[in-house]
Amino acid sequence: MRFITLSPAEEQQLTALHTSSANAVERRRSQCLLLSARGHTITQLTAIFAVCRLTIRHWFDGWESGQLAGLRHRPGQGRKRKLAAVPRAELEALVREHPQNLKAVLAEVETTHAVQCSKGALCRQLKNLGVAV
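Residues numbered from 1 in each chain as written. Predicted model: local features only at pLDDT ≥ 70, side-chain atom pairs only at ≥ 80, totals over all residues. Heavy atoms only, no water.

Draft legend 1. Representation of the overall build of the protein in the model. Counting its regular elements, the protein contains 7 helices and 0 strands. When the helices and strands of the protein are read in sequence order from the N terminus, they spell out α-α-α-α-α-α-α. Scaling as 2.2 N^0.38, a compact globule of 133 residues should have a C-alpha radius of gyration of about 14 Å, whereas the protein reaches 22 Å, well beyond that. Along the first, second and third principal axes, the C-alpha atoms of the protein reach 60 × 25 × 25 Å. Across the protein, every contact between residues at least 6 apart in sequence was considered, and the portion connecting residues at least 24 apart equals 54%. Here the protein carries 19 positive and 10 negative side-chain charges, and the mean point of each set is 7 Å from the other. (Helix = DSSP H or I, 4+ residues; strand = E, 2+ residues; numbered from the N terminus. Rg over C-alpha atoms; globule rule 2.2 N^0.38 Å. Contact = heavy atoms within 4.5 Å. Lys, Arg positive; Asp, Glu negative; His and termini not counted. Charge placed at Lys NZ, Arg CZ, Asp CG, Glu CD.)

Draft legend 2. Representation of helix H5 (residues 88-97). Burial in H5 covers these residues: Leu91, Leu94 and Val95. The arc that holds the buried residues of H5, viewed along the axis, is 100°, so those residues lie on one side. Set apart from the buried face of H5 by more than 90 degrees, the exposed residues are Ala89, Arg96 and Glu97. Taken together, the buried residues of H5 touch helix H6 (102-113) and helix H7 (119-129). (Buried < 20%, exposed > 50% of the residue type's maximum accessible area, 1.4 Å probe, protein only. Arc of directions from axis to C-beta.)

Draft legend 3. Structural detail: the packing of H6 against H7. At a closest axis distance of 10 Å, the pairing of H6 and H7 adopts a crossing angle of 90°. Here H6 lies roughly perpendicular to H7, going by the angle between them. Contacts between H6 and H7 involve Leu102, Val105 and Leu106 from the first element and Lys119, Leu122, Cys123 and Leu126 from the second. (Axes fitted to C-alpha atoms, helices over the stretch in contact; angles between N-to-C directions. Parallel < 35°, antiparallel > 145°, perpendicular 65-115°, else oblique.)

Draft legend 4. Geometry of the packing of helix H1 (residues 8-20) against helix H2 (residues 24-37). At a minimum axis distance of 8 Å, the contact between H1 and H2 shows a crossing angle of 145°. As for the relative orientation of H1 and H2, their crossing is left-handed in sense. Contacts between H1 and H2 involve Glu11, Leu14, Thr15, Leu17 and His18 on the former and, on the latter, Glu26, Arg27, Ser30, Gln31, Leu33 and Leu34. Taken together, the residues of the contact of H1 with H2 break down into 4 nonpolar, 4 polar and 3 charged. (Left-handed = near helix turned anticlockwise from the far one by under 90°. Nonpolar A, V, L, I, M, F, W, Y, C, P; charged D, E, K, R; others polar.)

Draft legend 5. Inspection of the nonpolar core at higher detail. Ile56 and Phe60 are the most contacted members of the largest nonpolar core, which totals 17 residues. Elements that contribute at least two residues to this core include exactly H1, H2, helix H3 (42-49) and helix H4 (53-66). Those residues in contact with Phe60 that sit more than four places away from it in its chain are Arg2, Ile4, Cys32, Leu33, Ser36, Ile42 and Leu45. If you look at the next biggest cluster of nonpolar residues, it comprises 16 residues, including Leu83, Val95, Cys117 and Leu122. (Core = buried A, V, L, I, M, F, W, Y, C linked by side-chain atoms within 4.5 Å.)

Draft legend 6. How the structure looks around the layout of surface pockets. Taken as a whole, the largest pocket encloses approximately 260 Å³ of empty space. What lines the largest pocket is Arg79, Lys80, Arg81, Lys82, Leu83, Ser118, Ala121, Arg124, Gln125 and Asn128. Along the lines of polarity and charge, the residues of the lining of the largest pocket split into 2 nonpolar, 3 polar and 5 charged. (1 Å grid on protein atoms, 1.4 Å probe; cavity = no way out; pocket = protein on both sides within 12 Å on 5 of 7 lines; lining within 4 Å. Points joined across faces, edges and corners; volume = space filled by probe spheres on them.)

Take a look at the structure:
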């Protein structure tokens, strides 16, 4: 059986992270480590967090190798945005130019930046940027 042993200072750090972090992933991982330090087994933790044993082991390894930094998502994880190559100002200008025709905006983006995306992806990107359509 594998458990995490924490010093009082580390336990304080994890408790603070669990209660005040804006990132749900960090809160969940810190709670898992705290429960392990209190004697919960990996089998119990897999049931509590609905993840596999390997995931719990990765969380433990991350903590042991990098402390708080090991609990965070590393850059490069997750799906990449298709329209990341298009500058925000240029995208806003295209939408102002064609406010009622997003297909024209998509065609212009495809020709100038060689980026293909759907109308829905464009709408989500514009919403994230705060651009009214």
